[in-house]
Amino acid sequence: MSRVHNFTAGPCTLPTEVLEEVATELTDYAGTGMGLVEMSHRSPVYQELHTRVLQRVREISGASDEFEIILVPGGATMLFSLVPLNLLASGGKGGYMITGSWATKALADGRRAGAEVYTVWDNEGRPEMPPPDVDIEKDTRYVHITTNETIDGVRMIDFPDVDVPLVADMSSEYLARHIPWERMGLVYGGVQKNLAPAGLALVFVRRDLLDDEPLLASATNLGWYVANRSLGNTPPMFQTYLLDKMLAWLERKGGIAGLEKASQEKSSLIYDVIDHSEFYRSSVPAEIRSHTNVVFNLPDENLERKFVGDATNDGLIGLKGHRSVGGIRASLYAGLALESAATLAEWMRAFELNNH
Ligand code: PMP
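Residues numbered from 1 in each chain as written. Predicted model: local features only at pLDDT ≥ 70, side-chain atom pairs only at ≥ 80, totals over all residues. Heavy atoms only, no water.

K.L.:
Help me get a handle on the site of the ligand, residues and values and all.
P.N.:
The full set of residues close to the ligand is Gly 75, Ala 76, Thr 77, Phe 80, Trp 102, Asn 148, Thr 150, Asp 169, Ser 171, Gln 192 and Lys 193. Between the ligand and Ala 76, the relevant distance is 2.9 Å, taken from an oxygen atom to a main-chain nitrogen or oxygen of the residue. Residue Lys 193 places a side-chain N or O atom 2.8 Å away from a nitrogen atom belonging to the ligand. Among the elements that make up the shell around the ligand, the one with the highest residue count is helix H3 (residues 76-87) (3 residues). (Near = heavy atom within 4 Å. Polar contact = N/O pair within 3.5 Å; in protein donor to acceptor, adjacent residues only side chain to side chain. Helix = DSSP H or I, 4+ residues; strand = E, 2+ residues; numbered from the N terminus.)

Structure, rendered in structure tokens:
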């Protein structure tokens, strides 16, 4: 079997051993004579898996009992509107830290949903992070942060110090970084980078922040997911199944601490090449560089095109930067082996030598 080194930004590579295990079970899960995705979500076999997933998430994340853990179909974009609709159901405002492309989208969707949301701080497209103390408006119920900006390659090191709960989109470093639960009100992210295939968001929400009976339809009401253990309607079973496998894998890799260390190791290999080169450039200051999305440029766009083309020919794929910013982006999520990052680093050195 030959697998490429896959640096795509999500969906992305999953560990080969996990995919192989799934492949052996696709037609017959746990001796039932059918695949997991073919059985009823009310069956005892699926119920057991579902319960195990929620338990595993709680153990790995270290979330306290104050938090409910729910699985919401659709991904992180779904939460851009569900967060303000639910947390502001009885009034108040949501403040947003604009640190890059995804934070901007989260704010815009809050507005579209008709919620009262505003900008707390804005880096205006520069690779900068907010100062520790920022002023928030009266009646602010939460401050929304994007802990890692997948497109811009910047990472928030210090979470803002505000006296309202934080809401964090952690999509591109989910469970790969310690979460300071005492400061959080809601944490969410699409699972398709570190944890599973696309189509599902994993959400932690502090119970006391949810209204008992908000004027919201079932599927948009986070309390409905809580009340029904995320089984109010037919859930995305394949995603949940893969999530179970990935959580088991993550436990073997040392949980959050293990993943955090692995991301640091992998990204350092690439940043080291950039820092020792006049050819590769990163405009992100070292202290706020992302550990999962390494974004950089070459001297010109022709060379960037050649870089991506040559890399693809050599089995290193998914390196083209996001269409909105161009350049190169190497995404280094949980499933990407250290060996793949080392291969890319070596390959980059050789490319520089041959094209400088
Ligand atoms: N937030 C961040 C930080 C992301 O990286 C992404 C996807 N790349 C999203 C939100 C949107 O996620 P989804 O595609 O799951 O809606």
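Next, the rest of the story.
K.L.:
Give me the lowdown on the nonpolar core, citing residues and values where you can.
P.N.:
Within the largest apolar cluster, 59 residues are counted, with the highest numbers of intra-cluster contacts made by Met 184, Leu 202 and Phe 204. Broken down by element, this core gets its largest block of residues, 8 residues, from helix H6 (residues 237-252). With residues up to four places along the chain from it excluded, the contact list for Leu 202 reads Val 57, Ile 69, Ile 70, Leu 71, Tyr 174, Val 187, Tyr 188, Gly 189, Val 191 and Leu 195. (Core = buried A, V, L, I, M, F, W, Y, C linked by side-chain atoms within 4.5 Å. Buried < 20%, exposed > 50% of the residue type's maximum accessible area, 1.4 Å probe, protein only. Contact = heavy atoms within 4.5 Å.)

K.L.:
I'd love a proper account of a nonpolar patch on the surface, names of residues and values included.
P.N.:
On the surface, a cluster of nonpolar side chains totalling about 240 Å² of accessible area is made up of Leu 26, Val 37 and Phe 238. Within the fold, Val 37 resides in the loop between helix H1 (16-25) and helix H2 (44-61). (Patch = residues over 30% accessible without salt bridge, like charges linked within 9 Å, V, L, I, M, F, W, Y side chains within 5 Å. Areas by Shrake-Rupley, 256 points an atom, 1.4 Å probe, with all protein chains shown as cover. Salt bridge = Lys/Arg side-chain N within 4 Å of Asp/Glu carboxyl O.)

K.L.:
Tell me what's going on with the packing of H6 against helix H7 (residues 255-275), and back it up with residues and numbers.
P.N.:
Running from N to C, H6 and H7 point in directions that differ by 80°, and their axes come no closer than 7 Å. In terms of orientation, H6 and H7 fall into the roughly perpendicular class. Contacts between H6 and H7 involve Trp 249, Leu 250 and Glu 251 on the former and, on the latter, Gly 255, Ile 256 and Leu 259. Taken together, the residues that form the contact of H6 with H7 break down as 4 nonpolar, 1 polar and 1 charged. (Axes fitted to C-alpha atoms, helices over the stretch in contact; angles between N-to-C directions. Parallel < 35°, antiparallel > 145°, perpendicular 65-115°, else oblique. Nonpolar A, V, L, I, M, F, W, Y, C, P; charged D, E, K, R; others polar.)

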